[in-house]
Amino acid sequence: MQIEKVYEPQRFEPHWAQWWIDSGIFRASSKAPGKVFSLVIPPPNVTGSLHIGHMLEHTEIDVTVRWHRMLGDNTLWLPGTDHAGIATQMVVERKLAEEGIKRRDLGREEFEKRVWEWKAEYGDNIKRQMVRLGASCDWSRERFTLDPGLSRAVREVFVRLYEKGLIYRGEYMVNWCPRCHTALSDLEVAHSDVAGHLWHIRYAVKDMPGRYLTVATTRPETMLGDTAVAVNPKDERYADLHRASVQLPLMDREIPVILDELADPKFGTGVVKVTPSHDLNDFEAGRRHNLPKIQVIDENGIMTAAAGPYAGLDRFEARKRVVADLEASGSLVKIEDYALSVGKCDRCKTVVEPLVSTQWFVKTKPLAEKAIEAVETGKIEFIPANWSKTYFEWMYNIRDWCISRQLWWGHRIPAWHCRECREIIVAREAPERCPRCGSEAPVQDTDVLDTWFSSGLWPFSTLGWPDQTEDLSTYYPTSLLITGFDILFFWVARMAMLGIEFMGDVPFRQVYIHGLVRDADRQKMSKTKGNVVDPLVVTEKYGTDAVRMALLQGAAPGTDIVLTEERMESSRAFANKIWNAARFLFMNMERSGVEPWVPDRLEDYHPQPDTVTLEVPIEDRWIFSRLNSCAEQVNRAIETYRYHEAAQVLWQFFWHEFCDWYLELKKLDFKENSGLTPGWRNILAAFETALRLLHPAMPFLTEELWQRLGAQAAGRPLSIAIASFPKYRQESTDFAAEREIGLVQEIVTMARTLRVEAKLDPKQQLEGTLYSRNDALEVAKRHATAIQKLANVKLEFKSEAAPKSSAMRSTAQFDLALQLPKTQEDAQRKRMEKEREQLVKNIANSERQLADEAFTSKAPAKVVDMIRTKMEDYKAQLRKIDDAL
Ligand SMILES: [Zn+2]
Ligand SMILES: [Zn+2]
């Protein structure tokens, strides 16, 4: 029963974190009974350490998972990490650079070896942190996207999609990062608006002296690669130029005028230059018109030989020279300021260069159709629901997915090229010879797959697919996905497409999209702003439970979460309050000779009657009724992802009802050496139930206290984490008890308020009178001892109307008057005048509402009645105040 004076979570949190894992209680079994609840983690990048956004995500997941586990469901939370292709490669490259080593000098094999070494050293970071933060995952099922099993799934999916014609290799304009040397998907390009220029250049029309066509461009250096200019066929201004050609300045090249919708007559001069090698729209126009492609910028961002005199220059340097030369030659008509959107590599911030290259693509339209249907028909539900709109917008406009990356870290594309006949062989295993010409040892494609290709398979590859495992048939489809909106397309949409394609069913039934964690000024957290909250630092400072609670309090669906030091501090105070309540109980148990005890059947405990009165003490009836209401609300809140509501209800219950009232009422009759009285049983059962209610939100504190209560003894669950979660039971609701204790609370609160207003010391006992002419008087009398003690007031009870008095407060039920020292009377008068003003306002409001026929005819009768009753109450109170004044 010894319990430390001070709540120091650091003393016990690491212990329970490890104990939960060692005891195996988070291990799922496909054979376990109960409804299945399964969830896969959004795999954090193996490069990383957890940031506060992860902690929010994992806290929300953990609350839901722990709740399901306690409900007796067959619960699986599958953890793991993502190899994070480009991100990881960059981290390791940077580390090698510090040693003066370049990736290309090492060679592919050696470099990959170094990444694996790096992974072995740092790859467990995430797991260690998650364990410490109490994530109740099944670590025996931990996965990594480059595990042999998952790699097999990747190859299988690739081959099947290829055989179905849904993967193809093609020449296409891709976003190219000249620094990372790889193609990027549209999603990996970050666009930002910059102040640029629009250069107007004129091209002389061939054989029509004095006739020019003026084009405008934001990238003048690309004109070196122009292979046409386009006008709109309907544009009357250029009707005479339909077969004409123009002279390309600086390059001494003749290029045709083509007719294409690409040129918008309403925009500028209505003439556009066409550079098929360096712009996506021009690339497509070039295809329509069979234009040659002249690549003037290479994969390093350097001008090629085709750029003539500009060859070898950096692309931005070339821009300056081209502009200067155009100006000198008289071809530059004007320069305008122009705001444009520039795409940069999401990883390294280098300006992306659109380049034509041969890449692997997934044909996404046929996959997207089914994934759209799944959301339309409700097979996948987004919460909040408006995210489905964002999802549809993207899915309806989906473009083929470029899945090849020119990296070394990742899943190598399972395609082999024949050195002789150039046949491409897509296969699960390396072919020994070319099936077409028979030549030996075809060479594997050097590209790797986009990292989202493997994470797109995560919900089924982690469960053993392509093998038909028991895990797969038990836990797929998963029940829920909790993730951030930033990976809705990267990941959620791809999982939906691939899950439906390969499993014939959706990968998850619900997707809960959580918000961002922001600082006290509602600013996004970022390293550059220096407002980042490190989860490990704050959990060390306040305790994991307090940080979890602070996050949950703000976690309303559809909103961002504001995390402040104050909130974490107050959450720590909340934990401390519970600690002190336990300490108070344990100390009194010792004095009363009570051993640790909890009821045999936790889930259907009913408060016991007193051995003398043979009645259940009213405060016990009350606390079990309140517990019941709390259970109802918490269950509903967690079920609907209203984590903030669950947190508020628990806070309100534990702090204000259990600690502030119940224990205070109980304090009145703790007797020394009384043994395990029914009263004690009721307290301990209530406390134990409350701990279980709080467990998903604050797992460490509740486990610590639950174990100290001896709740795990003989035949009961090993841990609170697998004890049953309290459910609402109609028979525990006791309105009579709630009304009665409610009245006691009202009287005590009122007396305390009067005392505070009069600025009197709480220790100074006051005298007063309670007036009531209805049954409130009897109730108050029954609880006279409690009221007088809790309010520190000596009371008289009178069944008569209250006389005029200044220090008085009134309800429709009773009047409470305190005798205050003379000096306080002025303050009381002021207070009453203020109160009078408010009452007059309230009455006027109610009268206005009741006089408004449009309102009274539409509002439910109940509401109108309520307003009328309230108005009568206001009037009664006003009369009393007027008398007193
Ligand atoms: Zn880059
Ligand atoms: Zn061949």
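From a predicted model like this one, the values you see are computed outputs, not experimental measurements.

Core analysis: the largest hydrophobic core is formed by 201 residues, its most contacted members being Phe-453, Phe-654 and Phe-658. Looking at this core element by element, the count peaks at 15 residues for helix α20 (residues 643-667). Setting aside residues no more than four positions away along its own chain, Phe-654 makes contact with Phe-574, Ile-578, Cys-659, Phe-687, Ala-690, Leu-691 and Leu-694. Formed by 31 residues, the second largest nonpolar core is a distinct cluster that contains Val-205, Ala-244, Met-251 and Tyr-310.

Summed over the entire model, instances satisfying the criterion amount to 41 aromatic pairs. When the centroid spacing of 5.4 Å and the interplanar angle of 35 degrees are considered together, the rings of Trp-118 and Tyr-122 count as tilted. With Trp-118 and Tyr-122 both in helix α5 (residues 108-122) and four residues apart, the pair spans about one turn of that helix. Under the relative-accessibility criterion, Trp-118 is labelled buried at 7%. Overall, the relative accessible area of 32% leaves Tyr-122 in the partly exposed class. Between Tyr-641 and Tyr-643, the aromatic rings sit 6.4 Å apart at their centres with planes inclined by 55 degrees, giving tilted as the arrangement. Using a relative accessible area of 5% as the deciding quantity, one classes Tyr-641 as buried. Judged by its relative accessible area of 1%, Tyr-643 is buried. Ring-pair connections join several aromatic residues into one group, and the members of that group are Phe-158, Tyr-162, Trp-360, Trp-401 and Phe-453. Lying over the aromatic face of Trp-20, Arg-66 brings its terminal NZ or CZ to 4.4 Å of the ring centre.

This part covers the sheet that holds strand β28 (residues 808-810). Ordered in space as β27-β26-β29-β28, the four strands form an open sheet in which the pairing is mixed. Looking at the sheet topology across the chains shown, the edges are occupied by β27 (793-798) and β28. Across this sheet, the average inter-strand angle for adjacent strands is 20 degrees, counted without regard to direction.

Those protein atoms acting as donors to the zinc ion (ligand 1) are Cys-177 (SG), Cys-180 (SG), Cys-345 (SG) and Cys-348 (SG), and they sit at 2.2 to 2.4 Å. With four donor atoms in place around the zinc ion (ligand 1) and angles of 102 to 116 degrees between them, the coordination shape is tetrahedral. Sequence spacing of the donors to the zinc ion (ligand 1): C-x2-C-x164-C-x2-C. The burial state of Cys-345 is the same as that of Cys-348; both residues are buried.

What follows covers the pattern of salt bridges. Counted according to the given criterion, the structure contains 57 salt bridges. For Lys-206, the salt bridge goes to Glu-254, with nearest N and O atoms at 3.7 Å. On the criterion of sequence distance, the pair formed by Lys-206 in the loop between β7 (189-205) and β8 (212-217) and Glu-254 in strand β11 (residues 253-259) is long-range, its members being 48 residues apart. Judged by its relative accessible area of 47%, Glu-254 is partly exposed. Across the salt bridge formed by Glu-835 and Arg-831, the nearest N and O atoms sit 2.7 Å from each other. Here Glu-835 and its partner Arg-831 are both found in helix α26 (residues 825-851), four residues apart, which amounts to about one turn of the helix.

Distances from the zinc ion (ligand 2) to its protein donors, Cys-418 (SG), Cys-421 (SG), Cys-434 (SG) and Cys-437 (SG), fall at 2.2 to 2.3 Å. One can describe the donor arrangement at the zinc ion (ligand 2) as tetrahedral, given that its four donor atoms subtend angles of 101 to 114 degrees at the metal. Spacing between the donor residues of the zinc ion (ligand 2) along the chain follows C-x2-C-x12-C-x2-C. Given the relative accessible area of 4%, Cys-418 is considered buried.

Reading guide: rules and limits
- Residue numbering note: each chain is counted from 1, following its sequence as written.
- Chains carry letters and ligands carry numbers; both start at the beginning, A for chains and 1 for ligands, and go up in the order they are written.
- Local features are withheld for residues below a pLDDT of 70 in this predicted model, meaning they are given only at 70 or higher, and side-chain atom pairs are given and counted only at 80 or more; totals for whole chains, interfaces and linings count all residues.
- For side-chain calculations, the full set of non-hydrogen atoms in the structure is used, while hydrogens and water are omitted.
- Grouping buried Ala, Val, Leu, Ile, Met, Phe, Trp, Tyr and Cys residues that are joined through side-chain atoms within 4.5 Å yields what is termed a nonpolar core.
- Buried residues are those whose accessible area, probed at 1.4 Å on protein chains only, stays under 20% of the maximum for their type, while exposed residues exceed 50% and partly exposed ones sit between those limits.
- Segments assigned H or I by DSSP are reported as helices when at least four residues long, segments assigned E as strands when at least two residues long, and all are numbered from the N terminus.
- Every residue pair with non-hydrogen atoms within 4.5 Å of one another is taken to be in contact.
- In this scheme Phe, Tyr and Trp rings, the latter by its six-membered ring, pair at centre separations within 6.5 Å, and the angle between planes marks the pair as stacked below 30 degrees, edge-to-face above 60, and tilted otherwise.
- Only when the NZ of Lys or the CZ of Arg is both within 6 Å of the ring centre and within 35 degrees of the ring normal is a charge said to sit over the ring.
- Pairing between strands is defined by DSSP: at least two bridges between the two strands are required.
- Interaxial angle, 0 to 180 degrees, is taken between N-to-C directions of lines fitted to C-alpha atoms, where a helix line uses only the stretch in contact.
- Keep in mind that water is not among the atoms, so a site may look incomplete; donors are the N, O and S atoms within 2.8 Å of the metal, or 3.2 Å for Na, K and Ca.
- A four-donor site is called tetrahedral if each angle lies between 85 and 135 degrees; a four-donor site is square planar, and a six-donor site octahedral, when trans pairs exceed 155 degrees and the remaining angles lie between 65 and 115; all other cases are labelled irregular.
- For salt bridges, the criterion is a side-chain nitrogen of Lys or Arg within 4 Å of an Asp or Glu carboxyl oxygen.

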